Amino acid sequence: MKARKENKVYRISTEQEKQRYLRDGYDIYSDEGKLIEYSPQRKISLSEYETLAEENKSLRKANETLAEENESLKEANESLRRVEETQQKTDAVKDEVKTTGAKAGK
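Just so you know, these numbers come straight off a predicted model, no measurement behind them. (Residues numbered from 1 in each chain as written. Predicted model: local features only at pLDDT ≥ 70, side-chain atom pairs only at ≥ 80, totals over all residues. Heavy atoms only, no water.)

**Q** Before we move on, can you summarise the sheet that holds strand β2 (residues 8-11) with the specific residues and values?
**A** Strand order in the open sheet formed by four strands is β2-β1-β3-β4, and the pairing between neighbours is antiparallel. With one partner strand each, in any of the chains shown, β2 and β4 (35-37) form the two edges of the open sheet. The average undirected angle you get between the axes of adjacent strands in this sheet is 35°. Note that strand β1 (residues 2-5) and strand β3 (residues 27-29) share three bridges and pair antiparallel. Looking at β3, one finds that Lys-2 is bridged to Tyr-29. (Pairing = 2+ DSSP bridges. Helix = DSSP H or I, 4+ residues; strand = E, 2+ residues; numbered from the N terminus. Axes fitted to C-alpha atoms, helices over the stretch in contact; angles between N-to-C directions.)

**Q** Tell me about unusual backbone geometry, residues and numbers included.
**A** The backbone of Glu-6 sits at a positive phi, close to 55°, despite the residue not being glycine. Note that Glu-6 resides in the loop between β1 and β2. Since its relative accessible area comes to 72%, Glu-6 is described here as exposed. (Buried < 20%, exposed > 50% of the residue type's maximum accessible area, 1.4 Å probe, protein only.)

**Q** Any chance you could break down helix α1 (residues 15-23) for me, citing the residues and the numbers?
**A** Turning to α1, its buried residues number three or more, namely Lys-18, Tyr-21 and Leu-22. In a view along the axis of α1, the buried residues occupy a sector of 105°, so they form one face of it. Opposite the buried face of α1, at more than 90 degrees from it, the exposed residues are Gln-16 and Arg-23. Residues of α1 that are buried sit in contact with β1, β2, β3 and β4. Gly-25 lies just past α1 and shows a positive phi near 95°. (Arc of directions from axis to C-beta. Contact = heavy atoms within 4.5 Å.)

Function cannot be inferred from these measures alone, as they are strictly geometric.
Put into structure tokens, the structure is as follows:
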């Protein structure tokens, strides 16, 4: 892992080091450069906050839309399952009628 603050980067290997750097205002990144954790001391600009708030709002709306779509798909799936069960029962009855009819015709 790496601790990064402004132009300073330190390689860290223990949880204790991670916690110390977080307290000192460093963000923690993986060795591949992916953000793991922001420092609780981190300050963000108002414009960045507004951008994040707007993105959050947009994502919440998209999540709500997807949840509604998911519910609709669940209902459609349940309807199809009931139709399939009914078709299987109908097919079983038809098979029974054929079998019974064939026995009666002998």
